[in-house]
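Residue-level structural notes
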Amino acid sequence: MMGFTELLKNRRSIRNFQDKEVPMKIVEEILREATLAPSASNNQPCRFSIVNCKNTIKALSDESKANLLDDFAKNKASSNPAYVDVLKDENFNVFYNAPCVIFISGSSSVYSLEVDCALMASYIMFSAASKGLGTCWIALGSQIRDPKSKALLGIPDGCRIVAPIIIGYPKDIPAASERHAPQILRVIS
């Protein structure tokens, strides 16, 4: 079993996966462990939609890409211009052809939703890494807006996707990029 420091060092953003399905039993175990994540006032607002169908993942990728390009056309500041050419590539899948995507969503009325979902995403990523799986938070994949797509994902009105997490068995694990030392602004004793 991996120690905590080793787990922190081994959790990498993975975008290249083996063509191997992640068993639902493991995904469910990861989600059970992730529910231990803290949330504001212990509200536990996060909900999950799991997609392990390649055709559905591709369709959701295409929808998200179209919405992002539409947003960019309407307001150039809405997106990083570097993504535009990539998003126009019909072969580019925002979910990197991962075998599984976990969409973390919750009620738009929850003030702390982004923070709560970010904590949940971290727990999912660490749990997956401890089981030899790779993950990556795909912000580009959160732009699912079509009511039929949201209904397919089981996301009710008034809720929104915050964190799509791709998950699978990594083809390789990249080395960690250099990290800066902590920038401590002040210590008051």
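Only a predicted model underlies this, so the values are computations on that prediction, with no experimental measurement involved. (Residues numbered from 1 in each chain as written. Predicted model: local features only at pLDDT ≥ 70, side-chain atom pairs only at ≥ 80, totals over all residues. Heavy atoms only, no water.)

1. Observations regarding the overall build of the protein chain
- When its secondary structure is counted, the protein chain shows six helices and four strands.
- Its C-alpha atoms give the protein chain a radius of gyration of 17 Å, near enough to 16 Å, the size a compact globule of 189 residues would have.
- Looking at the protein chain alone, contacts between residues at least 24 apart form 84% of all its contacts between residues at least 6 apart.
- Placing the 22 positive and 19 negative side-chain charges of the protein chain at their respective mean positions leaves the two points 3 Å apart. (Helix = DSSP H or I, 4+ residues; strand = E, 2+ residues; numbered from the N terminus. Rg over C-alpha atoms; globule rule 2.2 N^0.38 Å. Contact = heavy atoms within 4.5 Å. Lys, Arg positive; Asp, Glu negative; His and termini not counted. Charge placed at Lys NZ, Arg CZ, Asp CG, Glu CD.)

2. Focus: the environment of Ser-112
- In this structure, Ser-112 sits in the loop between strand E2 (100-107) and helix H5 (113-130).
- Taking the relative accessible area as the measure of exposure, Ser-112 reaches 15% and is therefore buried.
- Distance in space between the C-alpha atoms of Ser-112 and Ser-41 is 9.6 Å, their sequence separation being 71 residues.
- There is a polar contact of 2.7 Å between the side chain of Ser-112 and the side chain of Asp-116. (Buried < 20%, exposed > 50% of the residue type's maximum accessible area, 1.4 Å probe, protein only. Polar contact = N/O pair within 3.5 Å; in protein donor to acceptor, adjacent residues only side chain to side chain.)

3. Describing the packing of aromatic side chains
- Going through the model one piece at a time under the given rule, you end up with two aromatic pairs.
- Here Phe-92 and Tyr-96 contribute two aromatic rings whose centre-to-centre distance is 5.6 Å and whose plane-to-plane angle is 85°, an arrangement assigned as edge-to-face.
- Given a relative accessible area of 14%, Phe-92 falls into the buried group.
- The interplanar angle of 80° and the centroid separation of 5.7 Å between the aromatic rings of Phe-95 and Phe-103 together place this pair among those described as edge-to-face.
- A relative accessible area of 0% means that Phe-95 is categorised as buried.
- Judged by its relative accessible area of 1%, Phe-103 is buried.
- Residue placement shows Arg-15 over the ring face of Tyr-96; its charged tip is 5.9 Å from the ring centre.
- Seen from the ring of Tyr-169, Lys-20 lies directly overhead, with NZ or CZ sitting 4.2 Å from the centre. (Phe/Tyr/Trp six-rings, centres within 6.5 Å; stacked < 30°, edge-to-face > 60°. Lys NZ or Arg CZ within 6 Å of the ring centre and 35° of its normal.)

4. Description of the nonpolar core
- With 24 residues, the main nonpolar core has Ile-104, Met-120, Ile-124, Leu-133 and Ile-165 as its most contacted residues.
- Secondary structure elements with two or more residues in this core: helix H2 (24-34), E2, H5 and strand E4 (159-168).
- The leading source of residues in this core is H5, at seven residues.
- One finds Phe-92, Ala-98, Cys-136 and Ile-155 within the second-largest nonpolar core, a separate group that totals 22 residues. (Core = buried A, V, L, I, M, F, W, Y, C linked by side-chain atoms within 4.5 Å.)

5. Considering the pattern of salt bridges
- Applying the stated rule across the entire model yields seven salt bridges.
- The residue Glu-33 makes a salt bridge to Lys-131 at a minimum N-O spacing of 2.8 Å. One end of the pair, Glu-33, is in helix H2; the other, Lys-131, is in the loop between H5 and strand E3 (134-137), with 98 residues separating them in the sequence.
- The partly exposed category is assigned to Glu-33, whose relative accessible area is 30%.
- Residue class for Lys-131 comes out partly exposed when judged on its relative accessible area of 26%.
- Linked through salt bridges whose partners overlap, the residues forming this network are Glu-29, Glu-33 and Lys-131. (Salt bridge = Lys/Arg side-chain N within 4 Å of Asp/Glu carboxyl O.)

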